[in-house]
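Read off the chains here:
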Amino acid sequence: YLGIDFGTSGARAILIDAEGIIQAEAQYPFAASTELASLWQKALFTLIEQIPQELRGEIRAIALNGTSSTVLLCDNSGN
């Protein structure tokens, strides 16, 4: 199971197994930026890349959390 948290200072991810044992952790600190959409996308991809390849294929569910009811506008393509 993968949990991802987008906070004010960075993004974090944790991967646990069915017994709740941590299998992998990742962090991505945020630098000052006005381009939040691209920053969050880069953070997400970087977090996932930090998870060992052999564990990525075992992920059964993903939970996402964002800070303070953040809203991100997207076009029809998700950009």
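This text gives an overview of the structure that appears in the document. Just so we're clear, the structure is a prediction, and the values are computed from it rather than from any experiment.

## Description of the overall build of the protein chain
- Check the secondary structure of the protein chain and you find two helices and four strands.
- Scanning the protein chain from its N terminus toward the C terminus, one meets helices and strands in the order β-β-β-α-α-β.
- When the backbone C-alpha atoms are referred to their principal axes, the protein chain occupies close to 40 × 30 × 25 Å.
- Classification of the 79 residues of the protein chain by burial places 23% in the buried group.
- When contacts within the protein chain are restricted to residue pairs at least 6 apart in sequence, long-range pairs at least 24 apart make up 40% of them.

## Some thoughts on the sheet that holds strand β2 (residues 10–16)
- Spatial strand order, β3-β2-β1-β4: four strands in an open sheet with mixed pairing. Pairing within the sheet leaves two strands with one partner each, and these edge strands are β3 (22–29) and β4 (62–66). In this sheet, neighbouring strand axes are inclined to one another by 10° on average, regardless of whether the strands run parallel or antiparallel.
- Across the sheet, helix α1 (residues 36–50) touches β1 (2–6), β2 and β3, and the angle it forms with β3 is around 150°.

## Quick notes on the packing of aromatic side chains
- According to the stated counting rule, one finds two aromatic pairs in the structure shown.
- Centroid distance tyrosine 28 to phenylalanine 30: 6.4 Å. Interplanar angle 65°. Geometry classified as edge-to-face.
- The exposure class assigned to phenylalanine 30 is buried, which follows from its relative accessible area of 18%.

## Here's the deal with the pattern of salt bridges
- Taken as a whole and assessed by the stated rule, the structure comprises two salt bridges.
- Here arginine 12 and aspartate 5 are joined by a salt bridge, their closest N and O atoms 2.6 Å apart.
- Classification of arginine 12 as partly exposed rests on a relative accessible area of 31%.
- Of the charged contacts, one joins glutamate 58 and arginine 60 as a salt bridge, the two residues approaching to 3.7 Å between their closest N and O atoms. Neither residue differs from the other here; glutamate 58 and arginine 60 are each classed as exposed.

## Describing the pairing of β1
- Alternating positions in β1 separate cleanly, Leu2, Ile4 and Phe6 being buried on one face and Gly3 and Asp5 remaining unburied on the opposite face.
- As paired elements, β1 and β2 share five bridges and run antiparallel to each other. Its bridge partner lying in β2, glycine 3 is registered against isoleucine 14.
- Hairpin connection between β1 and β2: a loop of three residues separates the two successive antiparallel strands.
- When β1 meets β4, the two strands line up parallel, connected through five bridges. By the bridge assignment for β4, leucine 2 is matched with isoleucine 62.

Calculation criteria
Residues numbered from 1 in each chain as written. Predicted model: local features only at pLDDT ≥ 70, side-chain atom pairs only at ≥ 80, totals over all residues. Heavy atoms only, no water. Helix = DSSP H or I, 4+ residues; strand = E, 2+ residues; numbered from the N terminus. Buried < 20%, exposed > 50% of the residue type's maximum accessible area, 1.4 Å probe, protein only. Contact = heavy atoms within 4.5 Å. Pairing = 2+ DSSP bridges. Axes fitted to C-alpha atoms, helices over the stretch in contact; angles between N-to-C directions. Phe/Tyr/Trp six-rings, centres within 6.5 Å; stacked < 30°, edge-to-face > 60°. Salt bridge = Lys/Arg side-chain N within 4 Å of Asp/Glu carboxyl O.

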